[in-house]
Amino acid sequence: MTAPEESRPAATAGRSVPCGAAFHAAVLELAAVRRVGVPDLAAAALLLAPAAADDPGVRDAGGEALLEVGATAVPDGASDQTIRKALAAALALADPGARILAGDDVRRLEAAVETLGYRNKTLAHALQRLSFQPLDGRITEVRDAAQLFGFVNQWCFDEEQVRRRFRELAPVYHPDTGIVACRERMGQLIDARNLLVHHVRTVYSSGDWVAKRGGPPS
């Protein structure tokens, strides 16, 4: 005759927390490395778990599982979600590259990131106002190319200065990563660079460069 459920020995009672199968395996492995039981690991993790930690959920790429956390080690008021979050934090801290930061330090870092984001937007707006507007069509005149590069005239630079200025301007206007991303501007910068380099090489070979540019490179 089977004893009523309420009269079964307390030793068989326990608590199972639903979780992902891969998460379950990782927790068991960490407990083995630490040489503690999962209940003790969970109890210790609950002392450190940040309230805003992410819940790994009841299912992951490995499927679903039940994690036995005991009946007495974990506080009665701890929800399944809280236990999963605590153990997830323990797994994260087990990473050799993990660091624990005080709450004040985290808030200071968050404030610094927010400030940098604001300054980045301000800089982008300033560059947008100061940057040249694309001319119509392709750049075909040396004077226009020199103007786009910020040179006073077509005789005040050499090839190295042209390439250095292009390296300074390209990251600003690059269509994928530029602060003031603009495909048309980037194309005109490339046209201007090629035109100016050709101009320098042509005039140098003609022997008229020194006479026309009026002195050494600025």
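Residues numbered from 1 in each chain as written. Predicted model: local features only at pLDDT ≥ 70, side-chain atom pairs only at ≥ 80, totals over all residues. Heavy atoms only, no water.

A. View of the packing of aromatic side chains. The final tally for this structure, using the stated rule, is two aromatic pairs. Their ring planes at 25° and their centres at 4.6 Å tell us that phenylalanine 151 and phenylalanine 157 sit as a pair that is stacked. Residue classification places phenylalanine 151 among the buried positions, given a relative accessible area of 10%. Feature note: the residues Phe149, Phe151 and Phe157 constitute an aromatic cluster, connected by ring pairs. Note that arginine 193 overlies the ring of phenylalanine 166, its terminal NZ or CZ placed 4.4 Å from the centroid. (Phe/Tyr/Trp six-rings, centres within 6.5 Å; stacked < 30°, edge-to-face > 60°. Buried < 20%, exposed > 50% of the residue type's maximum accessible area, 1.4 Å probe, protein only. Lys NZ or Arg CZ within 6 Å of the ring centre and 35° of its normal.)

B. View of the nonpolar core. The biggest cluster of nonpolar side chains holds 23 residues, and the ones touching the most others in it are Phe149, Phe151, Phe157, Val162 and Leu196. Contributing elements (two or more residues each) for this core: α5 (142–148), α6 (159–173) and α7 (183–206). Setting aside residues no more than four positions away along its own chain, valine 162 makes contact with Phe149, Phe151, Phe157, Arg193, Leu196 and Val197. One finds Val27, Leu30, Ala45 and Ala86 within the second-largest nonpolar core, a separate group that totals 19 residues. (Core = buried A, V, L, I, M, F, W, Y, C linked by side-chain atoms within 4.5 Å. Helix = DSSP H or I, 4+ residues; strand = E, 2+ residues; numbered from the N terminus. Contact = heavy atoms within 4.5 Å.)

C. Looking closely at the packing of helix α1 (residues 21–34) against helix α3 (residues 80–93). Following both chains from N to C, one finds α1 and α3 inclined at 60°, their axes separated by 10 Å at the closest point. Looking at the two axes, α1 sits oblique to α3. The chirality of how α1 crosses α3 is left-handed. In this structure, α1 uses Phe23, Ala26, Val27 and Leu30 to contact α3, whose residues at the interface are Arg84, Leu87, Ala88, Ala90 and Leu91. Classifying every residue of the contact of α1 with α3 by side-chain character gives eight nonpolar, no polar and one charged. (Axes fitted to C-alpha atoms, helices over the stretch in contact; angles between N-to-C directions. Parallel < 35°, antiparallel > 145°, perpendicular 65-115°, else oblique. Left-handed = near helix turned anticlockwise from the far one by under 90°. Nonpolar A, V, L, I, M, F, W, Y, C, P; charged D, E, K, R; others polar.)

D. The arrangement of the pattern of salt bridges in detail. What the rule picks out here adds up to nine salt bridges. Note that aspartate 55 is salt-bridged to arginine 84, the shortest N-O span being 2.9 Å. Residue aspartate 55 is found in the loop between α2 (38–46) and β2 (64–68), and its partner arginine 84 is found in helix α3; the two are separated by 29 residues along the sequence. Relative accessible area serves as the criterion here: at 28%, aspartate 55 is assigned to the partly exposed category. Residue classification places arginine 84 among the buried positions, given a relative accessible area of 7%. (Salt bridge = Lys/Arg side-chain N within 4 Å of Asp/Glu carboxyl O.)

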